[in-house]
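Inside the fold
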Amino acid sequence: MFVLLVLYLHSLLSPALGQTFPEADHSSLVSDLEGDLFFLLDSSGSVTYDEFSKVKQFIGELLQPFKYGPQDVQASIVQISTNPTLEFPLNQYSSSKDVQHAIQKIKQRMGDTNTGKAIDYVKKNLFSEDFGSRGDVPKVLVWVTDGLSTDDISWPMKLLKEMGVSIFIISTTGRGNFQDLSAAASEPNEKFLKFVDKDDLGIITKELRDSIIELIQAKRLQALNITTTSFQLTWPRLLSKEIGHYILEYAPVADSTKKLQHTLRGDQTGLEVTGLTANTTYKVALYPESNIEYFQPQTIQVSTLQEVREERNLEALDITATSFWLTWSRLSGDTGEYVLEYSPLSDPRRKLQKTLSVKETSVVLSNLTPNTTYQVTLIPDANDPNVQHATIQVSTLPDYIQARNLQILDITSTSFNGSWSRLIGDTGRYFLDYALLSYPRRKIRKTFYGDQTSVVVSGLTPDTTYQVTFIPESKLEASQSQILSVSTLPDMIQARNLQVHNITSRSLHLTWSRLEGDTGHYTVNYASVSQPHVTSKMSLYDESRAVIGDLSPNTTYQITFIPESSMQYIQVQTIQLTTLPEHTKERNLQAQDITSTGFLLTWSRLPGDEGRYVLEYVPVSDPGMPKQRFVYGDKTSVVVSGLKSVTTYQITLIPENSANYALPEVIMVSTHSEPVHQRKLQVINITATSFLLTWSRVPGDSGSYVVEYSPILDLSGKLRKTLSGDESSMMFKNLTPNTTYQVSLIHESGVRNGTIQVSTLIDPIKARNLRVQDRTSTSFQLSWSELPGDTGQYVLEYAPLTDLSKTIQHNFYGDQTSVIFKNLTPDTVYMVTFIPDSKGQFDQNLNIRVSTLPELNQKRAVYVRDITTSSFQVAWSRMPGDRGSYILELVLVSDPRRKLWKTLSLDQTNMILSNLSPNTQFRATVFSESNVQYVPPQSIQVSTLEEQLSPDHILISDPSEHNFRVSWGPSLDSVAGYEIQYGPIPSNIVKTLQVDSRVNSTVLENLKSNTTYLVTVSAIFKNGGEKTLSAIACTQDNDTKVKYLHFKDLGTNSVKATWGSADGEVQGYRVRCRRQAGRSSVISVAPQAHSTYLTDLAEGTINKICVMPIYKNGEGKNLCRKIQMQPGTSANNYSGILTR
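Values in this document were obtained by computation on a predicted structure and should not be read as measured data. (Residues numbered from 1 in each chain as written. Predicted model: local features only at pLDDT ≥ 70, side-chain atom pairs only at ≥ 80, totals over all residues. Heavy atoms only, no water.)

So, about the overall build of the protein chain. Scanning the protein chain from N- to C-terminus turns up 9 helices and 78 strands. A buried classification covers 42% of the 1140 residues belonging to the protein chain. Contacts spanning at least 24 positions in sequence make up 62% of the contacts within the protein chain whose residues lie at least 6 apart. (Helix = DSSP H or I, 4+ residues; strand = E, 2+ residues; numbered from the N terminus. Buried < 20%, exposed > 50% of the residue type's maximum accessible area, 1.4 Å probe, protein only. Contact = heavy atoms within 4.5 Å.)

Right, here's the structure in full:
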């Protein structure tokens, strides 16, 4: 029996060093269990020390009562990480103490939480002998999860369930998807799916252990995955396909006449029973039928689950005269969209329809008719046929609500006044709710009683919108609440923006902004803090600034600003400030390096200067809009540019923050007249198709340039390009060789700044007549013309374009005008440079690119290996020009119409062709789907091997209690040797024996008594092929039968049975009589007795009588004989009885 226990705790596992577990009390170990316990431990990097300690304690407590050994329970642990790691295999420990100590030594592996990968690793080793597993057991998976994994677990889980694994799931956080967990767990979910907090795992230890024990009780029929209409039956492997079969019967307990029966193969260990009735108890019986050994029938009762119908809660809320809010509950079978239909009950033809997503559970239906009953139907798109449509009727309210006259008055930045009128039906209690429109959940409620019809709401946030809901309590059902939005006014202090500027020792500037409601009349009062009774007053009208002068130096003043406004939120503002000390020192403000457009302004810093300076300058002739600049830090100079020539400017330097010398200083500066500059226009780097135009910038250039150019013989083909003012050159390309162009540079102002003519050179390649001829895959010829000025010396350089470091150089002299390049690489681009030694105009170096051709007539190598009777492997070489995919064609030589095509990737250069006929000739052809250079398809013919004949029979002879002989034939010279594989069935234990090719018989020894073995003989041929043949053999029983069984006819339908004693300490005998007519009977006989009487045997019938010895540790073997009763004859008239 095999149990797989997976503990998957994404956030519960980390090494718990030092954690100890109580040792098992051997007197309390649970017996009669046979199973393999398999744990998966999350060892990823997201797990803490404390969490892992709790899980190790849980595992230790769960495993403590089990008895370990090859015939009992085995345990193994694999850690979950990026890759699964085996901590110890199943058969490593044989005591509870060793298992507990092994758990304590587990250390964390870190990495990712690849749970699905670990489950797949366990699945592949479920029946591995090397893993210590035993194949003839049921399988159980227990998964403790927090609902998280970095890879998919649904597919491995599905495969485990298909392999007969029963799956428990314990959710520790509730974060997992319920539907996913219920789909992964076995059914019913009430038993196999649990939810428990991670700190309370110990609560379910006993319940989980009892469930495992129930599943691993040795040799019993079980029912799993129980639903309303089906369940899964499993049982241990008792028979095999060759030695018997099963009869399965099941019927409702309440009506046994509805019994159904299945005959199943002997190697079958499970069956899904379907088509059952819900909430019904069935009696299930399994009868193993064997011609070798008798097995007791197994019977269980299984109750199908009760069919549960979910009810949908469909209701209407917030009903008004023209709308209502419809809500409903989502059922587990809902998978698609909802369709909502509604229409007046009195006129179903006015039906309207809405389609809603499965995530929605409410909708507002509006624009309805007052005082009307509507029928509303919700139609779900569900995969469960039990999910029905839901229908309700909703009546809108009558439309007779009177105007409440709700008003919001006296709005300020922090309050407003709400007022309303009383209506008929009002009880005298009102509710006023208000909340931020951006956060409607933070609602505040005020309750009012009596005749109150107004309230002031204060403590609000300035410049904020509130949602205000007025709810009257009324005796009329139709009385409704009213909702308004109210925005408070901006904060008047921030909105007024009252500021002070340009503080000196004697004055200051006061500025402010106008607000809504200002009448335009303002009052400014100011007084010295030391003499508050001496107050000065300024009255201003339609002003937003004021200069307060005649102040005392180094004195603190309190200034009060009083606006006159029609709005109550306009308030008085007061500020305090101190004038600067008096000073007499000068800053020595001067202008230097005066030009036509600017000058350098310098000054000296005075003690107390801090912060920045404000520089203002304005033409004296136009003082309306002075320009302003800020100078920061310790600077005492600044360049003023961008001025008009021949203009006088007033310059003002204002120290923004000076303790002693805060007065501004003013000077006058006149710019010079603008000088006349000449722009330099020239052309350089002239070639046959290009040249570079450059020009000089002159003072005053601030806009863009326009360049116009055209051939001088065709001025109508003029081209134009606009360049930014920062550029001073332009490259002309793609020009016509040996052509004169007229080029003009024009400034943005439209003044033509200059024109120049430029002639391109003659095309050197055309003039030189440089050309390539006779290209092959490894060579080409280069030729050229001799031009005037050539000295007769030329240099040629060439190299692959992909590796110019491999440049090769050749020198030529005299009248030579051509050369052949050899030994080149096929299908390669070369850069060739021609360098003439010329005194004329054709002395330029010329570059051309030449490509060699791909190599022609390439042949692909195709060969065949690993030839057998039904397969062979085709391999081929990859060619340089291969692109795309390969096509492999297989043709039967005797019938070319029978073809097989395979399309293979470019990375693949071999393929195994299987399922072929023996001793048959095939032709395999390989070609590339796309080539740069054509490569012909390559073919090869191959013949599969002739099918071998040995061995064609196996003989089992000389059986004894612990051995038997195996013989086979015929013996062939083509055989290199034989391999004998044998093992008991049912089992996954296989032993191997190698036998020389000259031998065709051997004795298999040290076998178990009374056991069926599967024996396989494999002939290994000298050409690599194999041929196998299998047979079944049985060892003889040990002497646990009675030595003989005799019958004596006593007449009157009675017989005396006498037998010889059996070997060993017999505790008694069991005599079974199976009558041809009448019921069977069983008689228990004492160990010292060796005979008994059988009566009520019908005349002329054949009856089977079996005698079985009973031992202390179990039953012996039956010895059976048949007896035929003679018709109407007593024992005295016959000498004996016919027995079989």
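Read across the open sheet, the 4 strands follow the order S32-S31-S34-S35; overall the sheet is antiparallel. Unpaired on one side and paired on the other, strand S32 (531-541) and strand S35 (573-578) mark the two borders of the sheet. Here the average twist between neighbouring strands, direction ignored, is 20°. Bridge count for strand S31 (residues 518-528) against S32 is 8 bridges, and the pairing is antiparallel. Note that in S32 the partner of histidine 521 across the bridge is tyrosine 541. (Pairing = 2+ DSSP bridges. Axes fitted to C-alpha atoms, helices over the stretch in contact; angles between N-to-C directions.)

What follows concerns the confidence of the model for the protein chain. The share of residues in the protein chain with pLDDT of 70 or more is 88%, and the mean pLDDT across the chain is 81. Counted against residues more than four places away or in other chains, residues 1-21, with its pLDDT under 50, gives 130 contacts. Contacts for the low-pLDDT stretch residues 1129-1140, under 50 throughout, to residues beyond four places or in other chains number 18 contacts. (pLDDT = per-residue confidence, 0-100.)

Scanning all chains against the criterion turns up 18 salt bridges. Among the salt bridges present, the one from arginine 965 reaches aspartate 958, with a minimum N-O distance of 3.9 Å. Given a relative accessible area of 29%, arginine 965 falls into the partly exposed group. A residue is classified by how much of its surface remains accessible, and aspartate 958, at 54% relative accessible area, is exposed. Put simply, glutamate 1115 and arginine 1070 hold a salt bridge, and the shortest N to O gap is 3.0 Å. Highlighted residues: glutamate 1115 in strand S77 (residues 1114-1115) and arginine 1070 in strand S73 (residues 1066-1074), separated in sequence by 45 residues. (Salt bridge = Lys/Arg side-chain N within 4 Å of Asp/Glu carboxyl O.)

Looking now at unusual backbone geometry. The backbone of asparagine 225 sits at a positive phi, close to 50°, despite the residue not being glycine. Looking at where asparagine 225 falls in the secondary structure, it is placed in the loop between strand S8 (222-224) and strand S9 (231-234).

Mapping threonine 791 onto the fold places it in strand S52 (residues 790-800). You can call threonine 791 partly exposed: its relative accessible area is 40%. For the pair threonine 791 and proline 836, spaced 45 residues apart in the sequence, the C-alpha separation amounts to 8.3 Å. Not counting residues within four places of it along the chain, the set of residues in contact with threonine 791 comprises Asp837 and Lys839.

We now examine the side chain of asparagine 1103. Relative to the helices and strands, asparagine 1103 resides in strand S76 (residues 1102-1111). What makes asparagine 1103 buried here is its relative accessible area of 1%. Of note is the side chain of asparagine 1103, whose polar atom sits 3.2 Å from the backbone nitrogen of glutamine 1076. Here threonine 1101 takes part through its side chain, which lies 3.1 Å from a polar atom of the side chain of asparagine 1103. Contact partners of asparagine 1103, with chain neighbours within four places excluded, come to Arg1074, Arg1075, Gln1076, Leu1097, Arg1121, Lys1122, Ile1123 and Met1125. (Polar contact = N/O pair within 3.5 Å; in protein donor to acceptor, adjacent residues only side chain to side chain.)

The tally for this structure, following the rule as stated, stands at 1 disulfide. Bridging cysteine 1106 to cysteine 1120, the disulfide has an S-S length of 2.0 Å. Every disulfide takes its handedness from the sign of the S-S torsion; for cysteine 1106 and cysteine 1120 that torsion is 115°, giving right-handed. Here the residue cysteine 1106 occupies a position in strand S76, and cysteine 1120 occupies one in strand S78 (residues 1119-1124), the gap between them amounting to 14 residues. The class of cysteine 1106 is buried, set by a relative accessible area of 8%. Looking at the unpaired cysteine 1073, the closest cysteine sulfur is the one in cysteine 1106, lying at 9.1 Å. (Disulfide = S-S within 2.5 Å.)

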